[in-house]
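What follows is the residue order along each chain.
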Amino acid sequence: MEANSHHAQLNQGEENEMEIFGYKSQGCQKALCIAGYVLSCGALLLLFYWKPEWDVWANCIPCSLEEADVVLLRTTDEFRIYSRKNVTWISVSALIKSVSDYPAIVGEGSIFNEAIMKPSLQVKSIQVQKVRYVWNISVKQFQKVGVLEDHHTCSAIHAKFGCGLTCDEQNVRRLICGPNTIDVPVIPIWKLLIKEVLNPFYVFQLFSVCLWFAEDYMEYAIAIIIMSLLSISLTVYDLRQQSVKLHRLVESHNNIMVTVCRNKEGFQELESHLLVPGDMLVLKEGRALLPCDAILVSGQCIVNESMLTGESIPVTKTHLPQADNVKPWRMHCAEDYKKHVLFCGTEVIQTKADDRGEVKAVVLRTGFNTAKGDLVRSILYPKPMNFKLYRDALRFMMFLIAFAAIGMIYAVCVFTLSGEEAGEVAKKALDIITIAVPPALPAALTTGIIYTQRRLKKKGIFCISPQRINMCGQLNLICFDKTGTLTEDGLDLWGLLPSEKNCFQEIHSFPADHSLPWAPVFRAMVVCHSLIVLDGKIQGDPLDVKMFEATDWVIDDSSAHRVEGQGSTHTTVVRPGPKASNAPVEGITILYQFPFSSALQRMSVIAQEIGGEQEVFTKGAPETVAKLCRVETVPLNFESKLLLYTAQGFRVIGLAYKPLQAERQSADLTREEVESDLTFLGLLIMENRLKRETKPVLEELSAARIRSVMVTGDNVQTAITAAKNAGMISPTNPVILVEANKIPGSLSASVTWKPLDENNTKDYGSLDDDSQAERRIRLAAGSGQYHFAMSGKSYQIVAQHFSHLLPKLLLNGTVFARMSPGQKSSLVEEFQKLDYFVGMCGDGANDCGALKMAHAGISLSEQEASVASPFTSRTPSIACVPELIREGRAALVTSFCMFKYMALYSIIQYLGVLLLYWQLKSFGNYQFLFQDLAITTVIGVTMSFTGAYPKLVPYRPPSQLISPPLLLSVILNILFSLSMQIWAFVVVQEQPWYSKTNIHSACLSGNDSHMENSSTISSLGFRGVRDGTLREVNNRYKSYENTTVWLLSTINCLIVALVFSKGKPFRQPVFTNYVFVLVVTGQLGVCLFLMFADIDDLYSKMGLVCTPTTWRVSMVIMLAVTLAVSFIAEEAVIENRALWLLLKKTFGYYSKSNYRRLQRVLEQDSAWPPLNETFFSDSVALSVDENMGGHSNPTFDSNENTL
């Protein structure tokens, strides 16, 4: 056994990668722990609940994973979160009667064969985040079940599973894999309640409440209980609603009747939860929901994948080829494998059988392993947020606890020396913790986020991850998808540039009076698409719809058509419509489709004129299509023509075709054979207009110094033009195209830097012009005003071979074109590594991964897929981006204000109490109640009402609590409060009317009623009077110091609230928050009334004593001075941005963000960016040959040596 078999990796290389450790339960350790639970009254159990790793370490001993009965899991991200799982055993002995049946039932080479222990016929398993893993005996590791093994080749899948599984095979697989359900039970309310109540914050509150009850501080204890119950109820209600919503989302396809093909038993109907990987599913005519992921092995399907991609465009799926090679099927199909996979939760709209009869699919994944299961798991187990604010909040709490500990020691010393009882001393000392650490702090922090969420909802922006709202305030780079996000969703057909005998013909503009002549290019427009007729309406890709509509032909949607030699199959037939010009054919049948693939950037169809020959038609990215055509059919000026249109921002599509030999059957041909030796037919030119709001929004972001980056699947040149039109790239800034290529026949690669000259679409200029252009670019580069553009292919090669260059490229990379969905996610991640706070705005389809990866993903699609995105905008416009940033900044600043306020309120109260402890006094219960409930709670609720400032300023709020301005603000205000309280505490004792024992001495001369009152009170003697207990307690606290300190500290809380409620530049001015202004005015009125009113009953109840008017006026002056000093300090120092920038400069402080560091390095590098140079991956820089320096075509390696 290997030395490290105690520890292994689970889901290696996947998003949810974890480390797994093996442990064995130990009886005596368990007994000791149980004793510990009892002796600690459950506190140890609670600690183990919070820290599962301590639970495992205390109860178990480490052992190899093979012997383990408990495993400890740890995430591999920076959070390193632990969880504990018990190992369970599954017995399959009941299903395998004799040893001779074993190989046939289990299947050689399958995970099931490797997992069943002999002779006990048991399987060892664990369940992690709803997915089951079994112990593979031969490789000694836990492996996922519920998935068809990856090692099968295409031919093996057809051969092995083509006839279906036998009943016995299916039963064994079902027992080991579990049911095929995405089961999200609605969590019972009691479970949610317990989980919420055991939160450390609420446990601390419980401790506080118990202490307050022990001290008869009933009112606030009850208020806190009510508030906590309200908060818990709201959270539980929210969680319950989410749970119900998620349950409804998945229950629809947990039990569907499906038809499976049984080996030796024919077809059988069964419930979908009984399906297992390897089952042969038969798809019937008509619409159906898919209950699992499956590989299509015969026929063709049209599915609606909006549940997964957010795009409700019908997608065509083709069957897995029967290729006879040794590569696993997924590697054989490369990035295109998804075209053969039907995903769980998507809807099959139409099935088309081929000559092999039924439309069949092999079950690939079941339950939570499916695409939909994965989506649901990402909602159930979201990635934890790493935001400095929350880490700092925790550190701050620790600091307050340390602060409280000092107070506790002080309290214990003071009260013990005065001879107090031990119980009283303990209560007083513990009281300090509840004063110094405000129990209402987390609740106050969340109120701001809740209000922001409500404001966003009013603006049509929905948020499923409220914690990310604060993150939006930090965003400084936004990635935008192009089509449908920056530009209009639909495309308009602008023109067709036909090509004949390697020459471009005259352009045909749309909408035109004369129709197109009957030619292969016209036939390509008629058949080269994946459109279907659904409910009498043509549906499909908007580009296909526009192209087809321009021909005036129609789709005949009657279901089956006879095709010579192919029996009756379901094919699409297109016929000339009423408006179409005379065509020499009755119609064209589309026999077979190779659907569009973003990896291959093209699609093809095999079509046949009714009564005519079969032909292949291909359309796709012009550069891709041109490579598939015979060289002699591609016009010589292909590149310059393409550049002419793409530089104007048009979307260009290449068309090609070839006739098929009669003897070749379309179903037997591979995609490679079909898409070769084509004849180039021309270019289709589409116009994709910018949305009206795109330019103003991007200008607003640019003014706020928020970088905008375009990430698109379109052509580089089209994307660059769109970026210029949208204002992402200023007209004066040069664009440098970065092209990376793998060197054929070797493992190395090259990267070339080509400046894009403004005029290169018209004429290529001379060498002199080029050197001038280079000088211009060098000048721009000096100030960092240049932009890199690259394609997905180049991005991939740079990431693999030139990883040291990637950060430098990303620093000024503005256009990333022809990017696949995986590359989009990778790009977002790379930006995050440079310490950018990245927002991603897309319309769903190919952006799902990137939307999840970004700090703030904003989906402009209301489809179900947007559940993966934290934010969804109801209006499909990027205007929601600045809105979200504004609200995020306001929420972040509100969180800081609340934090500062709550910290200061507790420290002001803490200082006041410690001063009074010196005289063995404290605040009375009603005094505490007034400060805690009437002042702080009300302010905590209303302070967050302030809305966001409408203008985005060119800097962000601080991202951390422990930043110098914030800390200085808190420290200064603590010092102001401390000075004022100590000054008043000392000075009151120096007053001529002051008496330590007679609390009525100050007002005796002027108030006889007081005299009578005091004599009555003193004659009662108190000690034995039961109904006077409360008054006695209050009397015990009554003193001139108490009255002075309490009034000052209470009004000080209001001063702090006002000073901290800052408005501009991130929030609206405080006077716009009418509720807050009204509340603070009302509270100040009440406080001044308490200070100047001389009402005996009120004073008696509040534990206050009468002081001379002059002293009251002195207190008001003290408070006014504190307000003025505090306000000036906040405005002139804390909020003085110019001062902090000067200090940074003076002390040479620079931002530690990776991208800032890199910027500083590149500013000193005169050789960056390289121009007209090629680097090879062995890092030898080679200057481009002089005679090529005059012009390097920005999009293609040109053969035109005519310069």
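Note on numbering: residues in each chain are counted from 1, in written sequence order. Per-residue local features are limited, in this predicted model, to residues with pLDDT of at least 70; the limit for side-chain atom pairs, both in listing and counting, is 80 or more; totals at the level of whole chains, interfaces and linings are taken over all residues. Side-chain metrics rest on all non-hydrogen atoms present in the structure, leaving aside hydrogens and water.

Heads up, the rule is: UniProt positions are given in the numbering used here, feature names are shortened, and annotations may be inferred rather than shown by experiment.
Looking at an unreviewed UniProt entry, one finds the protein chain named Cation-transporting ATPase, with Apteryx mantelli as its source organism. Taken verbatim from the UniProt record of the protein chain, the Catalytic activity (unreviewed entry) comment is "ATP + H2O = ADP + phosphate + H(+)". Checking UniProt for the protein chain, the heading Sequence similarities (unreviewed entry) contains the comment "Belongs to the cation transport ATPase (P-type) (TC 3.A.3) family. Type V subfamily."

### Examining the overall build of the protein chain
Counted only if it meets this: Strands are runs of DSSP state E lasting at least 2 residues, helices are runs of H or I lasting at least 4, and numbering of each runs from the N terminus. In this scheme, a residue with accessible area under 20% of its type's maximum is buried, one over 50% is exposed, and one in between is partly exposed, where area comes from a 1.4 Å probe on protein chains only. Computed by Shrake-Rupley with a 1.4 Å probe, the accessible areas treat only the displayed protein chains as cover when residues are assessed.
Within the protein chain, the regular secondary structure consists of 42 helices and 45 strands. Looking at the protein chain as a whole, 54% of its 1203 residues are labelled buried. With the model as given, the accessible surface of the protein chain reaches about 53,000 Å², and the carbon-plus-sulfur share is 58%.

### Considerations on the packing of aromatic side chains
In plain terms, the rule: Two rings belonging to Phe, Tyr or Trp (six-membered ring only in the last case) form a pair when the distance between their centres is within 6.5 Å. Interplanar angles under 30 degrees mark stacking, angles over 60 mark edge-to-face geometry, and anything in between is tilted.
Applying the stated criterion across every chain yields a total of 35 aromatic pairs. For the ring pair Phe816 and Phe831, a centre distance of 6.3 Å and an interplane angle of 90 degrees mean the geometry is edge-to-face. Remark: Phe831 occurs in helix α29 (residues 821-833) and Phe816 occurs in strand β40 (residues 813-817); sequence separation between them is 15 residues. The class for Phe816 is buried, based on a relative accessible area of 1%. By way of ring pairs, the aromatic residues Trp753, Tyr786, Phe788, Trp1168 and Phe1175 are connected into one cluster.

### Regarding a positive patch on the surface
Here is the rule we go by: To count toward a patch, a residue needs a relative accessible area over 30% and no salt bridge; like charges are then connected within 9 Å, while nonpolar side chains (Val, Leu, Ile, Met, Phe, Trp, Tyr) are connected within 5 Å. Every case where a carboxyl oxygen of Asp or Glu lies within 4 Å of a side-chain nitrogen of Lys or Arg is listed as a salt bridge. We treat Lys and Arg as the positive residues and Asp and Glu as the negative residues; His and chain ends play no part in the count. For charged residues, the charge sits on one atom: NZ in Lys, CZ in Arg, CG in Asp, CD in Glu.
A cluster of basic residues, Arg705, Arg1137, Lys1144 and Arg1156, forms a positive patch on the protein surface. Inspection of the secondary structure puts Arg1137 in helix α40 (residues 1137-1146).

### Some words on the nonpolar core
Inclusion rule: Put simply, buried Ala, Val, Leu, Ile, Met, Phe, Trp, Tyr and Cys residues joined by side-chain atoms within 4.5 Å make one nonpolar core. What makes two residues a contact is simply this: any of their non-hydrogen atoms within 4.5 Å.
Of all hydrophobic cores here, the largest spans 93 residues; its most connected members are Tyr220, Ile432, Tyr901, Ile935, Ile939, Met943 and Trp1046. Looking at which element gives the most residues to this core, the answer is helix α31 (residues 880-917), with 20 residues. With sequence-adjacent residues up to four places away left out, Ile939 is seen in contact with Tyr901, Leu1054, Ala1057, Phe1076 and Gln1083. Membership of the second largest hydrophobic core comes to 43 residues, among which are Leu456, Leu475, Ile706 and Cys841.

### A few points about helix α36 (residues 1040-1060)
Since the α-helix advances by 3.6 residues per turn, residues separated by three or four positions end up pointing in the same direction. Defined as follows: Take the residue count of a helix, subtract one, and multiply by 1.5 Å to get its expected span.
Taking 1.5 Å of rise per residue, 21 residues should cover 30 Å, and α36 covers 30 Å from first to last C-alpha, within 8% of that figure. With 20 of its 21 residues buried, α36 lies for the most part within the structure.

### Describing the confidence of the model for the protein chain
Rule in force here: A residue's pLDDT is simply how confident the predictor is in it, with values from 0 to 100.
Considering every residue of the protein chain, the mean pLDDT works out to 80; 86% of them sit at 70 or more. Counting contacts from residues 559-568, a segment whose pLDDT is below 50, to residues more than four positions away or on other chains yields 23 contacts. Predicted confidence is poor over residues 759-768, with pLDDT under 50, and the contacts of this stretch with residues over four places away or in other chains come to 14 contacts.

### Let's talk about the pattern of salt bridges
One side chain can pair with another of opposite charge once the charged atoms of both are near each other. One pass over the full model with this rule turns up 29 salt bridges. Note that Asp55 is salt-bridged to Arg84, the shortest N-O span being 3.4 Å. Note that Asp55 is positioned in helix α3 (residues 52-59) and Arg84 in strand β5 (residues 82-86), a separation of 29 residues in sequence. On the accessibility criterion, Asp55 (15% relative accessible area) is buried. One salt bridge connects Glu632 with Arg630, and the closest N-O pair in it is separated by 3.0 Å.

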